[in-house]
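Here are the chains, one letter per residue:
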Amino acid sequence: GTERLYAISPDQHLNAAYYRNTAIHYFILDAIVEVALLDAAEADDPVAAFHNMTLELRELFKFEFYLPRRANYRSEIELRASDRFGDWEEALSSDGHGLLHDVRLLVGHAVLRSFVEAYRVVASVLADADEAAVEDRGALLSQCMKAGKQQLLQGRVVSPESISKTLYETGLRLAEYRGLLAANQGAQRRDFHEVLRNINKRLDEILAITLAKIDD
């Protein structure tokens, strides 16, 4: 090739993830802002949709990261958006998709990918269980590991770091908090899965924007 490239060997992904996770707490609000801006760009009321998505993301990752208290969360999100995207509210109302193209460094796909993919695997296994109650958490976690490895081979999971019992346990804790381990929760489980699929789609779009910048 024409460039020197660096990569992590397949057997070291989980070790690397440990060190990565000690640093990404500094970037979590940036990642949340990026996903929310991209998602809100398609809404009729983009500013309201932006704040709704930031709250949704706070709830999704409340067991994973140390996030600002709810009373301070909105102001800190707005400050981070203003620092990185200037007059983001006006820009979001006119051309929200262009906001991310004008910023040099995007971090959402790198910060959130493994967590979103792991939670989505948990949600997919729960959705496959349909209306049945989860009575054996160990069996469900084992099924998540199998489903995650399968989806990695199929290309449906991108990050090897997401094949993690620890992340699946947190995803299961989140599902339990939402009442999704009880019986007769089929529709709610599918909704949960769809939410995570949508966020995963936004991370793909952020990555595509990042790659386009490299090509430019």
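Everything discussed here concerns the structure shown above.
Let me begin by describing the structure that accompanies this report. (Residues numbered from 1 in each chain as written. Predicted model: local features only at pLDDT ≥ 70, side-chain atom pairs only at ≥ 80, totals over all residues. Heavy atoms only, no water.)

1. Considering the overall build of the protein chain
To be explicit about the condition: A run of H or I in DSSP counts as a helix once it spans at least four residues, and a run of E counts as a strand once it spans at least two, with each numbered from the N terminus. Type-normalised accessible area, obtained with a 1.4 Å probe on protein chains alone, sets the label of each residue: buried when under 20%, exposed when over 50%, and partly exposed for intermediate values. Whether two residues touch is decided by their heavy atoms; if any such pair falls within 4.5 Å, the residues are in contact. The protein chains shown are the only cover counted for residues, whose accessible areas, like all others here, come from Shrake-Rupley with a 1.4 Å probe. Positive charges come from Lys and Arg, negative ones from Asp and Glu, while His and the chain ends are left out of the count. Each charge is placed at NZ for Lys, CZ for Arg, CG for Asp and CD for Glu.
Secondary structure summary: the protein chain contains nine helices and zero strands in total. Counting from the amino terminus, helix and strand elements in the protein chain follow one another as α-α-α-α-α-α-α-α-α. Here the protein chain, with 216 residues, has 46% of them falling under the buried criterion. Within the protein chain, counting contacts between residues at least 6 apart in sequence, those at least 24 apart form 74% of the total. Looking at the protein chain as shown, the accessible area adds up to about 11,900 Å², and 50% of this sits on carbon and sulfur atoms. Charged side chains in the protein chain number 25 positive and 34 negative. The centres of these two groups are separated by 6 Å.

2. Some words on the packing of helix H2 (residues 28-40) against helix H9 (residues 186-215)
Working note: a packed helix pair is described by the angle between its axes plus the distance between those axes. What counts is decided by this rule: Axes here mean lines fitted to C-alpha atoms, for a helix over just the part in contact, with angles spanning 0 to 180 degrees between N-to-C directions. Should an angle fall under 35 degrees it is called roughly parallel, over 145 degrees roughly antiparallel, and 65 to 115 degrees roughly perpendicular, with every other angle called oblique. All residues other than Ala, Val, Leu, Ile, Met, Phe, Trp, Tyr, Cys, Pro, Asp, Glu, Lys and Arg, Gly among them, are scored as polar; the first ten of these are nonpolar and the last four charged.
One way to put it is that H2 packs onto H9 with a least axis distance of 10 Å and a crossing angle of 100°. Looking at the two axes, H2 sits roughly perpendicular to H9. Between H2 and H9, the contacting residues are Glu-34, Val-35, Leu-38 and Asp-39 on the first element and Asn-198, Ile-199, Arg-202, Leu-203, Glu-205 and Ile-206 on the second. Taken together, the residues of the contact of H2 with H9 sort by class into five nonpolar, one polar and four charged.

3. Here we look at the nonpolar core
Inclusion rule: In this description, a nonpolar core means a group of buried Ala, Val, Leu, Ile, Met, Phe, Trp, Tyr and Cys residues linked to one another through side-chain atoms lying within 4.5 Å.
Core analysis: the biggest nonpolar cluster contains 62 residues, and Leu-37, Phe-50, Phe-61, Leu-100 and Leu-112 have the highest contact counts within it. Breaking this core down by element, the ones donating at least two residues are H2, helix H3 (46-60), helix H4 (70-85), helix H5 (88-101), helix H6 (108-128), helix H7 (137-154), helix H8 (165-177) and H9. The element contributing the most residues to this core is H6, with 11 residues. Setting aside residues no more than four positions away along its own chain, Phe-50 makes contact with Val-33, Ala-36, Leu-37, Ala-40, Ile-77, Ala-81, Trp-88 and Leu-92.

4. Considering the environment of Leu-172
Assignment of secondary structure puts Leu-172 in helix H8. According to the relative accessible area criterion, Leu-172 is buried, its value standing at 1%. In the structure, Leu-172 is positioned 31 residues away from Leu-141 in sequence and 8.2 Å away in space, judged by C-alpha atoms. If we skip the residues at most four places from it in the chain, Leu-172 touches Val-122, Arg-137, Leu-140, Leu-141 and Leu-181.

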